[in-house]
Amino acid sequence: MVLVIGTGIAGLSAAVSLKKAGLRVKVITKKLTGGSTYIAKGGLAAAVGKDDSPEIHAKDTLIVGDGLCDEKAVHYVTKEAPRAVEVLESWGFKFADDLRLEGGHSRRRVLHKTDETGRDIYDFLMTKLKELEVPLLEDRVVSLKVSDEKVEGVIAERSGVVYDDKIVLATGGYAYLFKYTSNQPTNVGDGMAIAFKAGALLSAMEFVQFHPTVTSIDGEVFLLTETLRGEGAILVNSKGERFAFKYHEKGELAPRDVLSRAIYSELLKGERVYMDLTKIYDFERKFPVLNNFLKRHGLSQSSKIPVFPGAHFVDGGVRVNLRGETNVKGLYAIGEVSDTGLHGANRLASNSLAEALVFGVNLPSFIDKWEGLYVDDGDVIELGLRNGNKFSIEEIRKTNWENVGIIRNEERLEKAVFVYSSADTCSLDEEANAALVSLLTAIAANTRKESRGNHFREDFPQRDDRWKKRIYFKVK
Ligand SMILES: Cc1cc2nc3c(=O)[nH]c(=O)nc-3n(C[C@H](O)[C@H](O)[C@H](O)COP(=O)(O)OP(=O)(O)OC[C@H]3O[C@@H](n4cnc5c(N)ncnc54)[C@H](O)[C@@H]3O)c2cc1C
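- The protein chain is annotated in an unreviewed UniProt entry as L-aspartate oxidase from Candidatus Aramenus sulfurataquae.
- Quoted verbatim from the Cofactor (unreviewed entry) field of UniProt, the annotation for the protein chain is "FAD".

1. Description of the pattern of salt bridges
- On inspection of all chains with the given rule, the structure shows 43 salt bridges.
- Residue Asp282 is joined to Arg285 by a salt bridge in which the shortest nitrogen-to-oxygen separation is 2.7 Å.
- For Arg285, a relative accessible area of 59% translates into the label exposed.
- Salt bridges sharing partners connect three or more residues here, namely Asp66, Glu206, Arg448, Glu450, Arg452, Arg463 and Asp465.

2. Structural notes on helix 11 (residues 351-366)
- When the terminal C-alpha atoms of helix 11 are compared, their 22 Å separation across 16 residues agrees well with the 22 Å that a helix rising 1.5 Å per residue should span.
- The largest bend in helix 11 is about 25°, located at Gly360, with the proline Pro364 one to four residues further on.
- Most of helix 11 sits inside the fold, with 14 of its 16 residues counted as buried.

3. Structural notes on the domain arrangement of the protein chain
- Entries for the protein chain in the domain assignment read domain 1 (2-202 + 312-366), domain 2 (225-306) and domain 3 (378-475).
- Summarising the inter-unit geometry, the C-alpha centres of domain 1 and domain 2 are found 29 Å apart.
- Between domain 1 and domain 2, the contact holds ten residues from the first and ten residues from the second.
- Taking both sides of the interface into account, the surface hidden between domain 1 and domain 2 amounts to around 720 Å²; carbon and sulfur atoms contribute 50%.
- Applying the counting criterion to the domain 1 and domain 2 interface returns one residue pair in polar contact (both at pLDDT 80 or more).

4. Things to note about the side chain of Glu252
- For Glu252, the position within the fold is in the loop between helix 7 (244-247) and helix 8 (256-268).
- By relative accessible area, which is 2% here, Glu252 ends up buried.
- Setting aside chain neighbours within four positions, we find Glu252 in contact with Arg229, Ala233, Ile234, Leu235, Arg242, Ala244, Phe245 and Leu259.

5. Here we look at the environment of Ala262
- Of note, Ala262 is situated in helix 8.
- Take Ala262: its relative accessible area is 1%, and that puts it in the buried class.
- Each C-alpha atom, one on Ala262 and one on Val25, is 46 Å from the other, the two residues being 237 residues apart in sequence.
- When residues no more than four places from it in sequence are discounted, the contact partners of Ala262 are Phe243 and Tyr247.

6. Considering helix 1 (residues 9-20)
- Under the 1.5 Å per step criterion, the end-to-end length of helix 1 is 16 Å for twelve residues, consistent within 8% with the ideal 16 Å.
- Of all twelve residues making up helix 1, ten are buried, and the element is well covered by its neighbours.
- Taken together, the buried positions of helix 1 are Ile9, Ala10, Gly11, Leu12, Ser13, Ala14, Ala15, Val16, Ser17 and Leu18.
- If you follow the buried residues of helix 1, they end up packed against strand 1 (2-5), strand 2 (25-29), strand 3 (44-45), helix 4 (117-131) and helix 11.
- Just downstream of helix 1 lies Gly22, where phi reads positive at about 90°.

7. What to know about the sheet that holds strand 10 (residues 202-203)
- The five strands are arranged 19-17-10-21-20 in an open sheet whose pairing can be described as mixed. Since the sheet does not close on itself, it has two edges, and those belong to strand 19 (338-339) and strand 20 (379-383), each with one partner.
- In this sheet, strand 21 (residues 471-475) lies alongside strand 20 in parallel orientation, the contact comprising five bridges. Within strand 21, the position partnered with Ile381 by the bridge is Phe473.

8. Comments concerning the packing of helix 2 (residues 54-65) against helix 3 (residues 71-90)
- Interaxial distance between helix 2 and helix 3 falls to 9 Å at its minimum, and their mutual angle equals 135°. Taken together, the axes of helix 2 and helix 3 lie oblique to each other. Read as a crossing pair, helix 2 and helix 3 show a hand that is right-handed. Seen from helix 2, the contacting residues are Pro54, His57, Ala58, Thr61 and Leu62; seen from helix 3, they are Glu71, Val74, His75, Thr78 and Lys79.
- The class makeup of the residues in the contact of helix 2 with helix 3 is four nonpolar, four polar and two charged.

9. Digging into the site of the ligand
- Around the ligand there are 37 residues in total, and Ser36, Thr37, Gly42, Gly43 and Glu336 lie nearest to it.
- In the model, a nitrogen atom of the ligand is placed 2.8 Å from a nitrogen or oxygen of the Lys30 main chain.
- A distance of 2.7 Å is found between an oxygen atom of the ligand and a side-chain nitrogen or oxygen belonging to Glu336.
- Alone, the ligand offers 1000 Å² of accessible surface; in the complex the protein occludes 98% of this.
- When residues of the shell around the ligand are traced back to their parent elements, those giving at least two are helix 1, strand 16 (308-314) and helix 11.
- Split into classes, the residues belonging to the shell around the ligand amount to ten nonpolar, 19 polar and eight charged.

10. Some points on the packing of helix 13 (residues 410-421) against helix 14 (residues 430-447)
- Between helix 13 and helix 14, whose axes approach to 9 Å, the crossing angle comes to 150°. In terms of orientation, helix 13 and helix 14 fall into the roughly antiparallel class. Helix 13 and helix 14 meet at a crossing whose hand is left-handed. Each of Glu410, Leu413, Glu414, Ala416, Val417, Tyr420 and Ser421 in helix 13 lies in contact with helix 14, whose residues at this interface are Ala435, Ser438, Leu439, Ala442, Ile443, Ala445 and Asn446.
- Among the residues making up the contact of helix 13 with helix 14, the classes are represented as nine nonpolar, three polar and two charged.

11. Thoughts on the UniProt feature "active site" (unreviewed entry) in the protein chain
- The UniProt feature table records "active site" (unreviewed entry) at Arg256.
- With respect to the helices and strands, Arg256 occurs in helix 8.
- Given the relative accessible area of 13%, Arg256 is considered buried.
- Not counting chain neighbours up to four residues away, the residues in contact with Arg256 comprise Gln209, Phe210, His211, Pro212, Glu226, His312, Arg347 and Ala349.
- Polar side-chain contacts of Arg256 include one of 3.0 Å to the side chain of Gln209.

Thresholds applied
- Residues numbered from 1 in each chain as written.
- Predicted model: local features only at pLDDT ≥ 70, side-chain atom pairs only at ≥ 80, totals over all residues.
- Heavy atoms only, no water.
- UniProt positions renumbered as here; feature names shortened; annotations may be inferred.
- Salt bridge = Lys/Arg side-chain N within 4 Å of Asp/Glu carboxyl O.
- Buried < 20%, exposed > 50% of the residue type's maximum accessible area, 1.4 Å probe, protein only.
- Helix = DSSP H or I, 4+ residues; strand = E, 2+ residues; numbered from the N terminus.
- Expected span 1.5 Å × (residues − 1).
- Bend = angle between axes of the 7 residues up to and from the residue.
- Domains from an automatic or database assignment.
- Contact = heavy atoms within 4.5 Å.
- Buried area = accessible area lost by both parts, 1.4 Å probe.
- Polar contact = N/O pair within 3.5 Å; in protein donor to acceptor, adjacent residues only side chain to side chain.
- Pairing = 2+ DSSP bridges.
- Axes fitted to C-alpha atoms, helices over the stretch in contact; angles between N-to-C directions.
- Parallel < 35°, antiparallel > 145°, perpendicular 65-115°, else oblique.
- Left-handed = near helix turned anticlockwise from the far one by under 90°.
- Nonpolar A, V, L, I, M, F, W, Y, C, P; charged D, E, K, R; others polar.
- Near = heavy atom within 4 Å.
- Areas by Shrake-Rupley, 256 points an atom, 1.4 Å probe, with all protein chains shown as cover.

Shown next, in the form of structure tokens:
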């Protein structure tokens, strides 16, 4: 029996393919409508166009990853993505015929269904899961049961101990732990903390991607996708000034991290930043979901939409090999919770749904032949757990935003390390897990004395290739 934790694209695609391969599988999830897949918008990158190839997709991924991608992982995912798409389509999912272009991609390769493709995939896979009669439980996993360095089950809040010797963590990232975010409250780093406490290696925790254009109207958070800017949306500050060209020659089409810093810098000056959608042709047909969002709040295409950069995606996580295996026997990690090496220091847009699908659908080929993760690169930091101060999720979100956010420096990072070093990191609640992953993020960001990918240090603004290596964490 295999136990899959999480019902995003990673967990659902793994559960469906394991069941189809004849394995016994069950799924447990904290919240059925939680996770990022449920709200993901743009689409899934795969080299399926006539003018495209996995090699070109790999090259684009490596450029954005800024020297820290694991090349084997990049070539594996870009080669396997078209096949994973075929598998999904063979199950009955249908992508739209056109391919979209997104920032950082040199070809049209973003597959989509509507303008909420993550939700489309979620709905489809959830229906499949039910058709296949895979048992599904809504409960929060709080820890792994490990004996002799092998997993033997999990402990869940309401269900207690659930025994299984193959556990697939598909619990997503922790970008909700920043005051401004595009993520749902389920994504607070539970999976990474649980794995770390069980002895798994974590890596690349300093690389958190911020999305430049998130909005929140009457408390409803909405991500304004890159495609809008590709279709003509512009950014203006309170003075009506189109400021993006001051920061980058490509203006609103600058890379995500550059644009996030540009908007953040404007906000720090006391400006407000708005997206102006008026130049988008055929807006209502192209962006029906955004159009409905605006209507719900009494706004329209001609309204100026306030935007801010928000934490969006976590590049790092539980280090795995190309089979999704960790260094703890029987424990797999797939999707955003993992660090496969694909994203390196920065994620190419639409590569995360692709990565999660590849690792999900390929899992049955490996599940009966354990090899285990072996690493011989990078620096390993060992860290103990402690019983300490309790911080609420809101306190952690504020601390991370102010000290471990878009523009970092030693003073603020040390403050965050100091705060979290006093925190309770060994309890089983979300707060302790959130403090633990925040501590690892702050330590890694403080240790990495350079700027690379989405990790920007104003005190070390250049890339320094002495840091062209991963920072690992292991429990002491
Ligand atoms: C608004 C938004 C738009 C995005 N758009 C795109 C896009 O267009 N293309 C792209 O490639 N990427 C996009 N991303 C990123 C992408 O959606 C995610 O990286 C991806 O969906 C992660 O999938 P996952 O299955 O790994 O995790 P998630 O979809 O985050 O799912 C995590 C699951 O784990 C469960 N869980 C968490 N903790 C526990 C626990 N302790 N016990 C039990 N269950 C638990 C949750 O309930 C949830 O079901 C977007 C992200 C956001 C937030």
